[in-house]
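These are the residues of each chain, in order.
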Amino acid sequence: MMQKKISGGWAIEYDLLDDKKDYTLSEKISLLEQLLDSESNMFSTKVRDWLMKPGMLSILIGFITRVPEGEEPVSPWDSSVSSDEFVISSNRRRDALLAESAAPKDGEDSDSEMEEELQFSVEAKRADKAAEVLVYQTSAFPEEFMDKNFENLVCDIFKIFRLDARGDFDNFDKIFEKVFAPRAAHLCNVLSRHEKMVLHLLNYLHEATVAEVLMALMRLPLPEKLLVNFYNHLNSEKFLPYLGQKLYGTNAESSFEDAGAFFTRLVELCSTFSNADILFTDIARDFAFVNGLMDAIGNKSGRVSKEQQVACIYALKALLVKSGEQLFDASLEAYAPTPLPNMLAGIHDELHEHLKSQITTLCNVVLEEAKVKGPQEPDTVYSSYTVKKRFTLHRMALLDILVELTDNSPAPVLSAILPEVWRVLTEWLFDHKFNNVYHGLFLKLFKIVMKANHAPTLKTILSRYKFLTKLVRHFETHGVTDTGLRGFIILMTNIIRLTSDALPASEYINTFLHSNEIWKNFLVVLREATIAQHVTQFSAPVGGGHISPFALHDAFGSFGGLSKCKPVNPEDVDIDLGSDYANQLGFWDVVAYSATAAGNKRKRNRRRKGKGPNAGADGEADGDDTSAAKPDNNSSNTHSNNNPKNNNNNNNNKGNNNNKSNANNNNNNKNNNSKKTAPGTPPGLRSQQHNGTASTKPTSNNTTTPTDSNSSTPTTPTATTMASRHHHSHHHRPPHQQHQH
């Protein structure tokens, strides 16, 4: 056997491939080491023929995985093994890449720049070359040979994940991409026949290459049946519960951050990848994964670090929000956003139903976030103001979860929210007066509360914590340069105003506003400020809604002229129920409550059976519904019923109801274009149909006159009116007002 190196390595290659010489295993390994150290590229057919001999491919792979002889000293599945052990294993692999002269000395930072060019160890160079040879030669192996030896090849390569191995994961990534991925179906069959091979990758998610390989493995292009079988195999091996232990487990001190990031990406992938939802079926069955996240968020064990809590908050938000999101194809190939099916929609309702019982835990975490910091912690100074405690991103994610749960089930969730939470949420609004991200999130939650008309919550916010008074005082004492909250105050107070107009005087919101002098005085200022936002001194596109390239085309014609534009004057602005402004605030299907119409109904029900030309078979009149404006306590409000025209209409209604046939009544019904109550519309909040409107129009003296003067069968609203309307409007919202994600 030749011992010296010859340029090109041909002599060593000749000795190694000589069939006449009977070398022992150790001699073959020694010759292969010399060949890998030589300048030979080992791409010849002779090397290929030698690798196809029994056992030779395993010898080459041994240089890549660098696994010590003997059994693994510690099993990675031992419960006593913490995530730190796998981080230590990764560090040993990095140290093994460097030559001893280039390795960091004791007390020296391994990241410091010791030399301009690192000196890699001989073993690392051999591993890189062996990986190149394997990738090249396997591409030229006969298919029969690969089919026969592919399973052994996969098993040998996966030994690189042993705790005591020294193999470089970059080489594993290279082999997966060039050798395994092209044989995806065969690879999944092999992984399904062997236990916990895929779980090995979860131990090294802190390695970017391993995380990318695992993500690629989840989305391999496979036939549907084979893909379903592969996902079912992962479920049988408890893939997600094992990932959960890396995220919220007690031994996850070094893995929770990377596990949380991988889980978020996995949720994103599985929401759009066909059949990937199979991985999440067990989540909606026993909720062990969700309960583990909630236990870590609430820190019930007392041993969860703040950083681990944050990772679990982000993971829960990703699962909850993404599973209920309407997805769209916004690629360049799609002319307009096209709706896509959400593969995780099947678990969304179950998640919401289960998490309703966890609201108290979320509330306690919010209250914990609001605790005053220690005296040694300095205030956070921004360019325009100072806060005592920074508003963190994970706090925002926590509130996103709370808002998502409330939006899906307003009444039960609002009933479970602790009253002290509203004190915290409203105080944050004023403490962080320039945080428009939080302002927008609170506005969404506030709209849910108002639409649900949840009296206990309204009493807590408005009466107990004086929220409306604080809004008005803040608006009056802060200029546009002193706060970023003025615009949101206008939105929230208008929501209060419009909600009040839509409900009877007996509801809590109206009894509260009726006795609130601050609100009465502010109402004039609110209307003026709201109208001022719509007034322009220049030509603006006609119509409401959000501006988009398509809307601009419709408004300006062929993007060329301003024929459809005109200045907006104060008398042109309508901000009451039925207007574009009210529609954009979410009141698109709501009209003003009419106390007069409700009284007429009770009278007519007692004497209408069998009467009237429009009476049906059951004695009910087929006349149209009325949408009359609700009287306001402020004389300047547009909903004043002191207008003589309204009184005349009411008198006409009484006369018309007493006659069996009245031509004027029929003509008024036609001229006023009033609409019947939509099926399923809650009492008191009558829906406007798409084939007409029941809106109110402003007059010169800022009073609103109902468009329908002949009412029939209005219904008295109840306390649950707004909650029912909220769910009804969600399913019937016009396309241009639907949420897009």
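Given the structure is predicted, the values throughout are model-derived calculations rather than measurements.

Conventions used here
Residues numbered from 1 in each chain as written. Predicted model: local features only at pLDDT ≥ 70, side-chain atom pairs only at ≥ 80, totals over all residues. Heavy atoms only, no water. Helix = DSSP H or I, 4+ residues; strand = E, 2+ residues; numbered from the N terminus. Buried < 20%, exposed > 50% of the residue type's maximum accessible area, 1.4 Å probe, protein only. Contact = heavy atoms within 4.5 Å. Areas by Shrake-Rupley, 256 points an atom, 1.4 Å probe, with all protein chains shown as cover. Axes fitted to C-alpha atoms, helices over the stretch in contact; angles between N-to-C directions. Parallel < 35°, antiparallel > 145°, perpendicular 65-115°, else oblique. Core = buried A, V, L, I, M, F, W, Y, C linked by side-chain atoms within 4.5 Å. Left-handed = near helix turned anticlockwise from the far one by under 90°. Phe/Tyr/Trp six-rings, centres within 6.5 Å; stacked < 30°, edge-to-face > 60°. Lys NZ or Arg CZ within 6 Å of the ring centre and 35° of its normal. pLDDT = per-residue confidence, 0-100. Polar contact = N/O pair within 3.5 Å; in protein donor to acceptor, adjacent residues only side chain to side chain. Salt bridge = Lys/Arg side-chain N within 4 Å of Asp/Glu carboxyl O. Expected span 1.5 Å × (residues − 1).

What follows deals with the overall build of the protein. Along its length, the protein carries 34 helices and eight strands. The buried share of the protein, reckoned over its 741 residues, is 49%. Looking at the protein alone, contacts between residues at least 24 apart form 75% of all its contacts between residues at least 6 apart. On the protein, roughly 36,200 Å² of surface is accessible, and the fraction owed to carbon and sulfur atoms is 51%.

The next subject is the packing of helix H18 (residues 348-355) against helix H20 (residues 393-408). Look at H18 against H20: their axes get within 10 Å of each other, and the N-to-C directions meet at 105 degrees. What the angle tells us is that H18 and H20 run roughly perpendicular. Within the contact between the two elements, H18 uses His348, His352 and Leu355 and H20 uses Glu404, Leu405 and Asn408.

Grouped together as the largest cluster of nonpolar side chains are 176 residues, with contacts concentrated most on Phe180, Phe239 and Phe280. No other element matches the 10 residues that helix H23 (residues 436-452) contributes to this core. Ignoring sequence-local partners within four residues, the contact set of Phe180 consists of Phe150, Leu153, Val154, Ile157, Phe158, Ile175 and Leu187.

What follows deals with the side chain of Ser83. Relative to the elements of secondary structure, Ser83 occurs in helix H5 (residues 83-97). Take Ser83: its relative accessible area is 5%, and that puts it in the buried class. Sequence-distant contacts of Ser83, that is, excluding residues within four places in its chain, are made with Asn251, Ala252, Glu253, Ser254 and Ser255.

Let us now look at the environment of Met197. Within the element layout of this structure, Met197 appears in the loop between helix H9 (184-193) and helix H10 (199-202). For Met197, a relative accessible area of 8% puts it in the buried group. A sequence separation of 43 residues divides Met197 from Val154, and the C-alpha atoms of the two residues are 9.8 Å apart. Ignoring sequence-local partners within four residues, the contact set of Met197 consists of Val154, Cys155, Phe158 and Leu191.

Most of helix H11 (residues 208-218) sits out of view: eight of its 11 residues are buried. Residues of H11 that are buried include every one of Thr209, Val210, Ala211, Val213, Leu214, Met215, Leu217 and Met218, and no others. Residues of H11 that are buried make contact with helix H8 (169-180), H9, H10, helix H12 (224-236), helix H13 (239-248) and helix H14 (256-270).

Once that is clear, we can look at the packing of helix H25 (residues 467-477) against helix H26 (residues 486-502). Between H25 and H26, the shortest axis-to-axis distance is 10 Å and the interhelical angle comes to 140 degrees. Relative to H26, the element H25 is oriented oblique. Our pair here, H25 against H26, has a crossing hand that is left-handed. Contacts from Phe467, Leu468, Leu471, His474 and Phe475 in H25 reach Arg486, Ile489, Ile490, Met492, Thr493 and Ile496 in H26.

The backbone of Asn299 shows a phi angle near 50 degrees, a positive value even though the residue is not glycine. Along the chain, Asn299 turns up in the loop between helix H16 (288-298) and helix H17 (306-323). Classification of Asn299 as partly exposed rests on a relative accessible area of 23%.

Once that is clear, we can look at the packing of aromatic side chains. In this structure the tally under the stated criterion is 25 aromatic pairs. Relative to Trp428, the ring of Phe391 lies with its centre 5.6 Å away and its plane at 75 degrees, an arrangement referred to as edge-to-face. Remark: Trp428 occurs in helix H22 (residues 419-431) and Phe391 occurs in the loop between strand S4 (386-387) and H20; sequence separation between them is 37 residues. Here Phe391 and Trp428 have matching classes, each one buried. Taken together, the ring pairs connect Phe391, Trp428, Phe430, Tyr438, Phe442, Phe446 and Phe467 into an aromatic cluster. The aromatic ring of Trp428 is capped on one face by Arg395, whose charged end is 4.2 Å from the ring centroid. Against the face of Phe475 rests Arg486, its NZ or CZ located 4.0 Å from the ring centre.

Averaged over every residue, the pLDDT of the protein is 77; the share at 70 or more is 69%. Across residues 1-8, where pLDDT falls below 50, the model places 14 contacts with residues more than four positions away in sequence or in other chains. pLDDT under 50 marks residues 544-563. Its contacts with residues more than four places away, or in other chains, come to 19 contacts.

With that settled, consider the side chain of Lys322. Looking at the element boundaries, Lys322 is found in helix H17. Here Glu268 takes part through its side chain, which lies 3.3 Å from a polar atom of the side chain of Lys322. A distance of 2.8 Å separates a polar atom in the side chain of Lys322 from a polar atom in the side chain of Glu325. Those residues in contact with Lys322 that lie beyond four places of it in its chain are Val267, Glu268, Ser271, Lys317, Leu327 and Asn342.

So, on to the pattern of salt bridges. Considering all chains together, one arrives at 21 salt bridges under this definition. Between Lys322 and Glu268 there is a salt bridge, with its nearest N and O atoms 3.3 Å apart. Residue Lys322 is found in helix H17, and its partner Glu268 is found in helix H14; the two are separated by 54 residues along the sequence. Of the residues examined, Lys322 reaches a relative accessible area of 14% and is grouped as buried. Judged by its relative accessible area of 44%, Glu268 is partly exposed.

With that out of the way, let us pick up helix H2 (residues 25-37). Look at H2: 18 Å from first C-alpha to last across 13 residues, which is about the 18 Å you get at 1.5 Å a residue. What H2 keeps buried is the set Leu31, Leu32, Gln34, Leu35 and Leu36.

With respect to the element layout, Asn291 can be found in helix H16. Its relative accessible area of 24% is what places Asn291 among the partly exposed residues. In this structure, the C-alpha to C-alpha distance between Asn291 and His354, residues 63 residues apart in sequence, is 9.4 Å. If near-sequence neighbours (up to four positions away) are discounted, Asn291 is found in contact with Asp286, His354 and Gln358.

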